[in-house]
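# Coordinate analysis (summary)
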Amino acid sequence: MTLAFSLELPTHRVEAEEEFVCASAISEIARAAEANGYAAVHVTDHPAPDGKWLDHGGHHALDPFVALSFAAAATSRVRLLTNVYIAAYRNPFLGAKSIQSLQVLSGGRLIIGTAAGYLKPEFRALGVDFDTRGALLDEALDVLDKVCSGQDVAYQGTTFAARGVRLRPVPEKPPVWIGGNSKAAVRRAVSRGQGWAPFNTFGYATASRTAEISTLDELESAIGWAMNYAAEIGRTSPLEICFSAGNLLDAGRSVDERHATLERLSKAGVTWLPIAPAGADRAEVLEAAQQFAKEFIAN
């Protein structure tokens, strides 16, 4: 199985705005990703992070659709991945409009990685009920399915009601990958998504309110559970698995070690890997991304 790689656009690095959080940075890094064989570029989603979380390892984020639109305008082939977009933060029709807009303007290059979310203060700041986040995600997925059908959409949601919304132009529905390590996330991904996006918890499973996956053994077990569930419900289509490996691919590990890890991930069923090269400035990040591609990506 061939692995595809997505390169992070480090727009969360607000300590170095001119290096990472500007139009030229997004454009240059996206073009480098395309030139070096990365299959996608990705960003995350945190519209209202709180200071306590930021002071204890959290991070900022630009609006994912705005940031990826700059990447789209600077490139022609590379895919655009939200890793991940918290659909519950937005009215489902507003979310669908952002998805439609980027999908149409990029020529169909969008991949929607989405999840229920875990940052309780952010939900509170946005006026969204944290405890119903799973149901809100399901509503957003329902609305996206319906607007991409081209039909007028009548839908009674938890906090909204639509009597006949019509979206034009009708976008090709992007692939939807459901993020999270919990059984609920896996079931949602297998039953209604095109992919599943687990992540290495680094021991922070409690903080991120999901199941622990911090070793390859744990990942293989989780993938096995997902595949058994797929068989149980009669799913026959392939399931993309996008694993954020984190420290399992640290640059401090030898090339041979990382090759062995990539081979094991591929054999386990992983199909996509988000990569976030380190660097003090843009030049170092670009150099690290190019070196990674030279060593691990078959161009």
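Structure shown above.
Starting afresh in each chain, residues are numbered from 1 along the sequence in its written order. Local features are withheld for residues below a pLDDT of 70 in this predicted model, meaning they are given only at 70 or higher, and side-chain atom pairs are given and counted only at 80 or more; totals for whole chains, interfaces and linings count all residues. Calculation of side-chain values draws on the structure's entire complement of heavy atoms; hydrogens and water are dropped beforehand.

Attention now goes to the overall build of the protein chain. What counts as a helix is a DSSP run of H or I of at least four residues, what counts as a strand is a run of E of at least two, and both are numbered from the N terminus. On a plain count of helices and strands, the protein chain comes out with 11 helices and 10 strands. Here the protein chain has a C-alpha radius of gyration of 19 Å; the compact-globule value for 299 residues is 19 Å, and the two agree. Dimensions of the protein chain along its principal axes, counting C-alpha atoms only, are 55 × 45 × 40 Å. Only protein chains enter the area calculation, which uses a 1.4 Å probe; residues under 20% of their type maximum are buried, those over 50% are exposed, and those in between are partly exposed. Burial statistics for the protein chain: of 299 residues in total, 52% are counted as buried. For the protein chain, the share of sequence-separated contacts (at least 6 apart) that also reach a separation of at least 24 residues comes to 69%. As presented, the protein chain carries roughly 13900 Å² of accessible surface, and 51% of it is formed by carbon and sulfur atoms. As a reference, a globule follows 2.2 Å times the number of residues to the power 0.38, and the radius of gyration itself is taken over C-alpha atoms. Note on contacts: a residue pair is in contact if any heavy atoms of the two residues lie within 4.5 Å. In this description, accessible areas are obtained by the Shrake-Rupley approach with a 1.4 Å probe, and a residue is regarded as covered only by the protein chains that are shown.

Moving on: the side chain of D45. Secondary-structure assignment places D45 in the loop between β2 (40-43) and α3 (51-55). We call two N or O atoms a polar contact when they sit within 3.5 Å, provided that within protein one can donate a hydrogen and the other can accept it, with sequence-adjacent residues counted only if both atoms are side-chain atoms. Of the polar contacts made by the side chain of D45, one reaches the backbone nitrogen of I86; its length is 3.0 Å. If we skip the residues at most four places from it in the chain, D45 touches A61, P64, V84, Y85, I86, Y89 and R90.

The rule for a salt bridge is simple: a side-chain nitrogen of Lys or Arg has to be within 4 Å of a carboxyl oxygen of Asp or Glu. Taken as a whole, this structure holds 13 salt bridges when the rule is applied. Here R282 makes a salt bridge to E28, at a shortest N to O gap of 2.7 Å. Placement of R282 in helix α11 (residues 282-296) and of E28 in helix α2 (residues 23-35) is noted, with a sequence separation of 254 residues between them. Assessed through its relative accessible area of 11%, R282 is described here as buried. Between D145 and K173 there is a salt bridge, and its shortest N-O distance comes to 2.4 Å. With D145 in helix α7 (residues 133-147) and K173 in the loop between β6 (161-165) and β7 (176-179), the pair connects residues that are 28 residues apart, well separated along the chain.

With that settled, consider the packing of aromatic side chains. By convention, a stacked pair of Phe, Tyr or Trp rings (six-membered ring in the case of Trp) has centres within 6.5 Å and planes under 30 degrees apart, an edge-to-face pair has planes over 60 apart, and any other such pair is tilted. Evaluated as defined, the whole model comprises nine aromatic pairs. Geometrically, the ring pair formed by F123 and F130 is edge-to-face, given 5.2 Å between the ring centres and 85° between the ring planes. An identical accessibility class is assigned to F123 and F130; each is buried. Ring pairs connect the aromatic residues F5, F292 and F296, which therefore count as one cluster. Its guanidinium or amino end placed over the ring of F130, R133 lies 3.9 Å from that ring's centre, counting from NZ or CZ. For a lysine, the NZ atom is tested; for an arginine, the CZ atom; a charge sits over a ring if that atom is within 6 Å of the ring centre and within 35 degrees of the ring normal. The aromatic ring of W225 is capped on one face by K183, whose charged end is 4.9 Å from the ring centroid.

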